[in-house]
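Each chain, written out:
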Amino acid sequence: MGLKKEVPVYAEVQSAASSKLGFINYNVYGLPLWGWLAGAAILSFSIMTKSLPVNFATDILVLFVVGFFFGKVGDTLPIWKDYLGGGSLLAFLGASYLVSTGIITKDVSDGVKTLFDEMGMLDFFISVIITSSILSIKRNFLAKAIGGFIPLVLIGTLSAFVLAIVGGLIVGVDYKEVIMNYALPIMGGGNGAGAIPMSQIWGEVTGKDPKIWYSSAITILTISNIFAIMVGALLNGLGKKVPKWTGNGELIKGQVTKQEAKEKNTASMEDAAFGLFVAVAFYALSNFVGVGLLPKIGSFSIHPYAYMVILLIIANALDIIPERARNGLKKVNEFMMGKLLFVFLAGVGITYTDFSALVHALSLQTAVISLFTVFGAVAGCWIFAKVVGFYEIEASIAGGLCHVNRGGSGDLEILGASNRMILMSYAQLATRLGGAIILVLASFFFGLWAK
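The rules behind each value
- Residues numbered from 1 in each chain as written.
- Predicted model: local features only at pLDDT ≥ 70, side-chain atom pairs only at ≥ 80, totals over all residues.
- Heavy atoms only, no water.
- Patch = residues over 30% accessible without salt bridge, like charges linked within 9 Å, V, L, I, M, F, W, Y side chains within 5 Å.
- Areas by Shrake-Rupley, 256 points an atom, 1.4 Å probe, with all protein chains shown as cover.
- Salt bridge = Lys/Arg side-chain N within 4 Å of Asp/Glu carboxyl O.
- Helix = DSSP H or I, 4+ residues; strand = E, 2+ residues; numbered from the N terminus.
- Buried < 20%, exposed > 50% of the residue type's maximum accessible area, 1.4 Å probe, protein only.
- Expected span 1.5 Å × (residues − 1).
- pLDDT = per-residue confidence, 0-100.
- Contact = heavy atoms within 4.5 Å.
- 1 Å grid on protein atoms, 1.4 Å probe; cavity = no way out; pocket = protein on both sides within 12 Å on 5 of 7 lines; lining within 4 Å.
- Points joined across faces, edges and corners; volume = space filled by probe spheres on them.
- Core = buried A, V, L, I, M, F, W, Y, C linked by side-chain atoms within 4.5 Å.
- Axes fitted to C-alpha atoms, helices over the stretch in contact; angles between N-to-C directions.
- Parallel < 35°, antiparallel > 145°, perpendicular 65-115°, else oblique.
- Nonpolar A, V, L, I, M, F, W, Y, C, P; charged D, E, K, R; others polar.
- Phe/Tyr/Trp six-rings, centres within 6.5 Å; stacked < 30°, edge-to-face > 60°.

Once that is clear, we can look at a nonpolar patch on the surface. A cluster of nonpolar residues, Leu-285, Phe-288, Leu-293, Leu-294 and Ile-297, forms a patch on the protein surface that exposes about 470 Å² of accessible area. Looking at which element gives the most residues to the nonpolar patch, the answer is helix α13 (residues 269-293), with three residues. Within the secondary structure, Phe-288 is located in helix α13.

So, about the environment of Ile-103. Looking at the secondary structure, you find Ile-103 in the loop between α5 (86-100) and α6 (106-118). Judged by its relative accessible area of 53%, Ile-103 falls in the exposed class. Separated by 302 residues in sequence, Ile-103 and Asn-405 place their C-alpha atoms 28 Å apart.

All right, on to helix α18 (residues 364-388) then. The end-to-end C-alpha separation of α18 is 36 Å, in line with the 36 Å expected for 25 residues at 1.5 Å each. Gly-389 lies just past α18 and shows a positive phi near 80°.

Further remarks concern the confidence of the model for the protein. Looking at the protein as a whole, the pLDDT averages 85, with 91% of positions reaching at least 70. Within the model, the stretch residues 9-19 combines pLDDT values under 50 with one contact to residues more than four positions away or in other chains.

Before going further, it helps to examine empty space enclosed by the protein. It is a probe the size of a water molecule, rolled over the atoms, that shows where empty space is left. Within the structure shown, the criterion is met by four cavities of 30 Å³ or more. Lining the second largest cavity, in full, are Phe-92, Thr-222, Asn-225, Ile-226, Tyr-352, Thr-353, Arg-406, Ser-409 and Glu-413. Elements that contribute at least two residues to the lining of the second largest cavity include exactly α11 (210-241) and α20 (408-417). Per-element accounting of the lining of the second largest cavity gives the leading share, three residues, to α11.

Once that is clear, we can look at the nonpolar core. Of all hydrophobic cores here, the largest spans 128 residues; its most connected members are Phe-116, Phe-149, Leu-412 and Phe-446. Contact partners of Phe-116, with chain neighbours within four places excluded, come to Leu-63, Met-121, Leu-122, Phe-344, Gly-347, Val-348, Thr-351 and Tyr-352.

Attention now goes to the side chain of Ser-127. Its location among the elements puts Ser-127 in helix α7 (residues 121-135). In this structure Ser-127 comes out as buried when scored by relative accessible area, which is 2%. For Ser-127, the contacting residues outside a window of four places in its chain are Ala-279, Tyr-283, Tyr-305 and Met-308.

Before going further, it helps to examine the environment of Ser-109. Relative to the elements of secondary structure, Ser-109 occurs in helix α6. Along the primary structure Ser-109 and Val-99 are separated by 10 residues, whereas in three dimensions their C-alpha atoms are 6.9 Å apart. The contact partners of Ser-109, leaving out residues within four places of it in the chain, are Val-99, Ile-104 and Ile-350.

Packing of α7 against α13 leaves a shortest axis separation of 9 Å and a crossing angle of 110°. Considered as vectors, α7 and α13 are oriented roughly perpendicular to each other. Contacts between α7 and α13 pair Asp-123, Phe-124, Ser-127, Val-128, Thr-131 and Leu-135 from the former with Leu-276, Val-278, Ala-279, Val-280 and Tyr-283 from the latter. For the contact of α7 with α13, the class distribution of residues is eight nonpolar, two polar and one charged.

Bringing the packing of aromatic side chains into the picture now. A full pass over the atoms with the stated rule returns 12 aromatic pairs. Ring geometry for Tyr-175 and Trp-449: centres 5.7 Å apart, planes at 90°, overall edge-to-face. With Tyr-175 in helix α9 (residues 175-186) and Trp-449 in helix α21 (residues 424-449), the pair connects residues that are 274 residues apart, well separated along the chain. On the basis of relative accessibility, which here comes to 38%, the residue Tyr-175 falls in the partly exposed class. The class for Trp-449 is partly exposed, based on a relative accessible area of 22%. Their ring planes at 20° and their centres at 5.0 Å tell us that Phe-445 and Trp-449 sit as a pair that is stacked. Separated by four residues within a single helix, Phe-445 and Trp-449 lie in helix α21, roughly one turn from each other.

Structure representation (C-alpha cells):
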C-alpha cells in the first residue's frame, strides 16, 4: 500500500494565492496587469486634478497606458487580430477616439501633438527604421532592390488609377472626378508633401480657395489609409497560409539564407549607441541637403526622406558604415519595432487622426473608390513582383499599400499591421517617389480638367 505524499500547508496556500492572483499578473507586453492598472489610475487622477505638467514624461506615460491597452485588446480579439489590423490599427484608432470623446483632454493631447509634430518623435522613429532597413540590404542585392522597386511603384500607380476608375464606374462617378478628387490625393504621398501642395495647385488652376479641394481630399486619403492598413493585415495572414509568397520582411528572394535567419544579433549597448548615432546623423545630413542645399531639382521638390534613402544606399554600396554599427542599429530597431510600436501608434492616432471627421465622412461612394484604388495598387505590384524576383506580399505592401496612404504616419501604421516594419526604406521610397510623380500628374490633370 503506497504512502500518500504530503504537501506542506504553506505550498498549498502559495499555490492557491498564485491562482487567484493569476489575472492580476496577466502579461501586457512584459508589464503585469497590476502595473498597467496602477499607471492608468495615476494618469487618470492626475488628469482629473489637472496636476500633470505638459512635458515629455507625461506624454510618454499617456502613450504607454493608451498604446498598451488598445494594442493588447487588438492583438487578442478574434477575427480583428488576424484580419482587421490587430493591435496596430486599434492602437491609433482607439487613441484618436479617446481624444474625440474628451477622455484624453485637450491639454494632454496637445502635449502629445507637440512631441510628434514640433519635437519630431515620428521623424526619429522613421529615421531609425529607414537607416536600419537600408543598411541591412546586402551590397550585391542593392542594384536589384532599387532597379526593380522603382518600376514596381510605377506599375502599382498605373494599376491603381485603372481600378479607381472601375470603382468610380460602379458607383456612378465620372472618371475625371475619380482621378482628380480620389486617386490623386490617395496616392499623393500623404498630407504635408501631397494633399497640401496638391490643393495649392488646384487653387492656382481654378482660382478658388484651396481649402475646398483639401477638405475633401484629406478625408478620402484618411479612409483609404485605413483600408490599406486592413489589407496589410490580410496580406500578413495570407503569408502565414502560403509561405512561398512571403519573405517574412525580406523583399528580394534569396537575400537571406536559413542559416543567416537563425543567427542571433550579439551587438553590445555601445554598438547600439553607435548605430543610433549613425541614424540621427544621416537624418541631419538628409535635411541639410533636402532643406538647405538642394530642396528642388528644377521645379520638383525633393523630400528629405528621399535624400536620406539615396544617401544611405550610397553609404551601403561604398561599405562606409562599420559592421558593428549596423548590428547595433538592428538591436535598436528590434526594440523599437517590438511592443514599443503601439506606443508610437497611439501617438500617431492622437496627433494625425480626427476620429469624428472620419466617421462622418465615410460613404459608400468613397469606400468603393478607395478600396478599388488600394486593390489596384496591390494587384499591379503583386504581378510585377513575379517579374523582378520579389516576394509578392512584401512587394504589395511596400510598393502598393505604402503608396496609397497618409505618408510617413501611414507607412508606420501599415507596416505595423502587416508586421513588416523592416520594409520602411522601401515604403518611404514608394511614398516619396510615388508622391512626387503624382504631384506632376496633378498639375497636368488639373490643368486639363479643372479649369
